[in-house]
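# Architecture at a glance
Residue-level listing of the chains:
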Amino acid sequence: MELAVKPAAEPLDLSFKIEGMTCASCVARVERALKAVPGVEEASVNLATEKATVRARPEVGFDALSAAVEKAGYDVPGETVTLAISGMTCASCVARVEKVLKRVPGVTDASVNLATEKAQVSAVGVPIETLIAAVERAGYEAAAAGDVAAVQAEKGSGLPSWWPVAAAALLSLPLVAPMLAMPFGMDLSLPGWLQLALATPVQFWLGARFYRAGWKAVLARSGNMDLLVALGTSAAYALSVYLLLRHGGHSDHGGMQHLYFESSAVVITLVLLGKWLEARAKHQTVAALRALESLRATTAIVRRDGRDAEVPLAMVRVGDTVVVRPGDRVPVDGEVIEGSSHLDESLLTGESLPVTKNPGDAVTGGAVNAEGMLLLQATAVGGDTMLSQIIKLVEDAQAVKAPIQRLVDRVSAVFVPVVLAISVITFFAWGLFSGDWQMALLNAVAVQVIACPCALGLATPTSIMAGTGVAARYGILIKDAEALETAHALDVVAFDKTGTLTEGKPAVVAIEAGARAAQEVLELARAVQQYSAHPLARAVEAEAAKSHAPLRAASAAQALAGRGVSADVDGATVYLGNRRLMAELGCATASLEEAARAHEAAGRTVSWLALRRDGALHLAGLLAFGDTVKPSALAAVARLRDMGVATVMLTGDNPGSARSVAAAVGIDDFHAEVLPADKARVVGALKEGDRKVAMVGDGINDAPALAAADVGIAMATGTDVAMHTAGITLMRGEPLLVAAAIDISKKTYRKIRQNLGWAFIYNIVGIPLAALGYLNPVIAGAAMALSSVSVVSNALLLRRWKPANIEGGEQ
């Protein structure tokens, strides 16, 4: 949106995109709809540019304009912009930035994360410069997320990040030494002027950041942690200067007057220490994301016109032939066209064992090639690669707020004003009732110092960052914080069958021998269809490879449309096909009919094998094809049952096949012959009674059900549509990861509750203690620093989480 801001009394000119218009009548309809909105003075729509320009009074919200366009039958497209925000220190800052962003016309939503220092803004046509300007007016700095590194580089001083803490500690130590030595009968008191000389640089040089940020908060008519620290330490410093000037550092009885320079200096030192430790801990919470980013290759070897050349990754195009040498990292997504090797995909999928890759197999950028040279045809490059999509998913999950954070935001919005009010009441109450105005001021300062909303602001996002980060390390991608929070309370998990609980491809599950031995039946079946690309032919080939069956020569091979195949093998004509083919040949099947019916009742496909030699035709045997159950499916269902989660299976297959698979994996409740739209209906029925339901699937036909569920869980081995619809994506087709995803959700949610509980209790207990005089400013400062560090450190414990292994090992 292009926004021309005029004086408050004058109207605003708004310009935004409209989709769905096809002719002049559409233009007229949209213009009428916009002009009907109260407060709109003019509205014109351009069909060629698909833009609407509206002049409206300032009180007209963009939501009203958008609603009018949508009611007329057209769309106002939106986009999500990510900003890097600097200068935020606590939950109050978060609330302030969100407030100013949401006030920008065209912004539909804004979510700010203190831990990642990022804002996600949903807007319609709003230039990023407008958003940045709004943030800067609020007293903070902003840049496009991609520009944050450059912004930080400009600000960098070249000194280590801990130097302000070290400098403040060196200057504060002599001030606090007398207090530490007093219990041992030692008097290390410093002259008042020396205390002033030590405290002043701490207060106004090293503590300047609190004044700058606090002043910006005042200008923005809001409060934050910096304002509390600046006011509290300034009061202690000013009282000390006053006492020093009035008494010259001596009491009325000739002894040294106690000054409070150590309180102001030590509080600033402790707050700086806390912020530094907090920054280090936050840095560790994004370790998984940095590990994924480190997988990006910067160059690729491209083969063009028979020559290999190393080029920057940005120059690689879809369709290029890429050479991957042993030990190299795969630079793009692609398909192997030559060579065989093993790839280490552990950081992408969580699978610890190397994966064999042969011609025709897909490979993912970021994997490491072990021993053989591979030639790939690039299928995705740049931001379209799986690695880039994974990184984007993790970044988005860590940037978005969990629903529980809304409560924290409401509390923090009034937190600082309430604390300042309590501080003022403490000052006058102590002064009026005790007559000791020095003590009154110190207790008021202690209230301001201990009441730090940092812990509240960090409690949820740090837990989510740590939880999503460690989950990504094991191949569980959590797309949004809401999915992470919801998954802990799941009551039912509904599984799709094909490709989720089963391998999703036919395999030979049984060989029934007639006139020939089972091994010979397999060899003949392999021979007769060795030139076929049919899925059943590939299943026979795979089974023959497993049993090391020799490949017999075949000639005169032909496909018999709708019935099967035939070929000459070892002097006989071999037929492999369905019951219709056997009937045409006049081949008697009575000897194996009972076995065939049993297989068909279980939903399997039966292929009959017959031989004609010297004019005589006889039945050699049959092969039953089925979709094999994944080895870990039974353990996955059992683990969910142990967690108190019920399981249901949904499939479009016939009842026999559904019953067979459900029994094999231990699921009692299943629905067969379910159409894609009906899957969503079944999921809706499962949600009745306030039950939380997850849907696990991998195909396009699962997308409606994934969207209908409280939590959609997609297998990355399936389609992109399923992955985009789901809130959680499993990077490998491992059913056990479903239980693991629920487990990390439970543990993350537990950390969130622990952290919020600690933050609330800390303030509920700490503020009254400070107001009643039981905490001096130094202890209050230490407690404040401890609160933030403890919250982040507790969240970091999630990094030790490991999913239970397939063999059932403990976490």
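Residues numbered from 1 in each chain as written. Predicted model: local features only at pLDDT ≥ 70, side-chain atom pairs only at ≥ 80, totals over all residues. Heavy atoms only, no water.

The secondary structure content of the protein amounts to 28 helices and 30 strands. By residue count, 50% of the 811 residues in the protein fall in the buried class. Considering only intrachain contacts with a sequence separation of at least 6, the fraction spanning at least 24 residues in the protein is 67%. Only carbon and sulfur atoms are counted for the fraction: they give 57% of the accessible area of the protein, which is about 35600 Å². (Helix = DSSP H or I, 4+ residues; strand = E, 2+ residues; numbered from the N terminus. Buried < 20%, exposed > 50% of the residue type's maximum accessible area, 1.4 Å probe, protein only. Contact = heavy atoms within 4.5 Å. Areas by Shrake-Rupley, 256 points an atom, 1.4 Å probe, with all protein chains shown as cover.)

Moving on to helix H15 (residues 437-450). With 14 residues, H15 should cover 20 Å at 1.5 Å per step; its first-to-last C-alpha distance of 20 Å lies within 8% of that length. The set of residues buried in H15 consists of Ala440, Leu441, Leu442, Asn443, Ala444, Val445, Ala446, Val447, Gln448, Val449 and Ile450. Its side-chain oxygen 3.3 Å from the backbone nitrogen of Gln438, Asp436 forms the N-cap of H15. (Expected span 1.5 Å × (residues − 1). Polar contact = N/O pair within 3.5 Å; in protein donor to acceptor, adjacent residues only side chain to side chain.)

Looking now at the side chain of Thr269. Among the secondary structure elements, Thr269 is positioned in helix H10 (residues 261-285). Residue classification places Thr269 among the buried residues on the basis of a relative accessible area of 11%. Here the side chain of Thr269 touches Ala168 through a polar contact of 3.4 Å, landing on its backbone oxygen. Only 2.9 Å separates the side chain of Thr269 from the side chain of Ser172, close enough to count as a polar contact. Sequence-distant contacts of Thr269, defined by excluding residues within four places in its chain, comprise Val165, Ala168, Ala169, Ser172 and Val202.

Here 7 strands make up an open sheet; going across it, the order is S18-S30-S29-S28-S19-S26-S27 and the pairing mixed. Looking along the sheet, the strands with just one partner apiece sit at the ends: strand S18 (476-478) and strand S27 (669-671). Strand-to-strand twist in this sheet, taken as the mean axis angle between neighbours without regard to direction, amounts to 20°. In terms of strand pairing, strand S28 (residues 693-697) meets strand S29 (residues 711-715) through 4 bridges, oriented parallel. When the bridges of S29 are listed, Met695 appears paired with Gly712. Along the sheet, helix H27 (residues 736-771) contacts S18, strand S19 (492-496), S28, S29 and strand S30 (728-730); its crossing angle with S18, the most-contacted strand, is approximately 50°. (Pairing = 2+ DSSP bridges. Axes fitted to C-alpha atoms, helices over the stretch in contact; angles between N-to-C directions.)

Looking now at the pattern of salt bridges. A full pass over the atoms with the stated rule returns 15 salt bridges. Across the pair Glu593 and Arg579 runs a salt bridge, and its minimum N-O distance is 2.4 Å. Remark: Arg579 occurs in helix H20 (residues 579-585) and Glu593 occurs in helix H21 (residues 593-601); sequence separation between them is 14 residues. Of the residues examined, Glu593 reaches a relative accessible area of 15% and is grouped as buried. Overall, the relative accessible area of 32% leaves Arg579 in the partly exposed class. When the shortest N-O distance is used, the salt bridge between Arg597 and Glu593 registers 3.7 Å. Taken together, the residues Arg597 and Glu593, both in helix H21 and 4 residues apart, mark about one turn of the helix. (Salt bridge = Lys/Arg side-chain N within 4 Å of Asp/Glu carboxyl O.)

Next up on the list: a nonpolar patch on the surface. Together, Ile761, Ile764, Val765, Leu769, Leu772 and Tyr774 give the surface a local cluster of nonpolar side chains, amounting to about 620 Å² of exposed area. Note that Val765 resides in helix H27. (Patch = residues over 30% accessible without salt bridge, like charges linked within 9 Å, V, L, I, M, F, W, Y side chains within 5 Å.)

For the rest of this paragraph, the subject is the packing of aromatic side chains. On inspection of all chains with the given rule, the structure shows 8 aromatic pairs. Look at Phe204 and Tyr211: their rings are 5.7 Å apart centre to centre, the planes differ by 25°, and that puts the pair in the stacked class. For Tyr211, a relative accessible area of 27% translates into the label partly exposed. On the basis of an interplanar angle of 85° and a centroid distance of 6.4 Å, the ring pair of Phe428 and Trp437 is categorised as edge-to-face. (Phe/Tyr/Trp six-rings, centres within 6.5 Å; stacked < 30°, edge-to-face > 60°.)

As a further point, take the nonpolar core. Buried together is how nonpolar side chains tend to be arranged in soluble globular proteins. Ranked by size, the top nonpolar core spans 45 residues in total, and within it Ile476, Val493 and Ile728 carry the most contacts. Beyond its immediate chain neighbours, meaning those up to four positions away, Ile728 contacts Ile476, Leu477, Ile478, Ala483, Ala487, Val711, Gly712, Ile713, Ala714 and Ala741. Counting residues in hydrophobic clusters, the runner-up holds 41 residues, among them Ala167, Val202, Ala235 and Ala451. (Core = buried A, V, L, I, M, F, W, Y, C linked by side-chain atoms within 4.5 Å.)

It is worth spelling out the UniProt feature "transmembrane region" (unreviewed entry) in the protein at this point. Per the UniProt record, the feature "transmembrane region" (unreviewed entry) sits at residues 162-181, 193-211, 223-245, 257-277, 411-433, 439-459, 755-772 and 778-798. Strand forms 0% of residues 193-211 and helix 95%; the C-alpha atoms that close the span are 24 Å apart. Between the first and last C-alpha atoms of residues 755-772 the distance is 26 Å; the span itself is 94% helix and 0% strand. (UniProt positions renumbered as here; feature names shortened; annotations may be inferred.)

What follows deals with the packing of helix H7 (residues 192-206) against helix H8 (residues 208-219). It is at 4 Å that the axes of H7 and H8 come closest, and there the two elements cross at 40°. Comparing their axes, H8 and H7 come out oblique. For the pair formed by H7 and H8, the contact residues are Gln203, Phe204, Trp205 and Leu206 on the first element and Ala208, Arg209 and Tyr211 on the second. Across the contact of H7 with H8, the residue classes break down as 5 nonpolar, 1 polar and 1 charged. (Parallel < 35°, antiparallel > 145°, perpendicular 65-115°, else oblique. Nonpolar A, V, L, I, M, F, W, Y, C, P; charged D, E, K, R; others polar.)

Bringing unusual backbone geometry into the picture now. At Asp305, a residue that is not glycine, the phi angle is positive and equals roughly 55°. Position of Asp305 relative to the elements: it lies in the loop between strand S9 (299-304) and strand S10 (307-312). For Asp690, which is not a glycine, the phi torsion comes out positive at approximately 60°. Along the polypeptide, Asp690 turns up in the loop between helix H24 (676-686) and S28.

Mean pLDDT over the protein stands at 79; residues scoring 70 or higher make up 82%. Low confidence marks residues 251-256, where pLDDT is under 50. Its contacts with residues over four positions away, or in another chain, come to 10 contacts. (pLDDT = per-residue confidence, 0-100.)

Moving on to the environment of Thr460. The topology assignment puts Thr460 in helix H16 (residues 454-473). With 331 residues separating them along the chain, Thr460 and Val791 place their C-alpha atoms 9.3 Å apart.

With that settled, the discussion passes to helix H4 (residues 128-137). Those residues of H4 that sit buried are Leu131, Ile132, Ala134 and Val135. The arc enclosing the buried residues of H4, seen along the axis, measures out at 160°, which places them on a common side. Away from the buried face of H4 by more than 90 degrees, exposed residues Glu129 and Arg137 are located. Of the residues trailing H4, Gly139 is marked for its positive phi of about 100°. (Arc of directions from axis to C-beta.)

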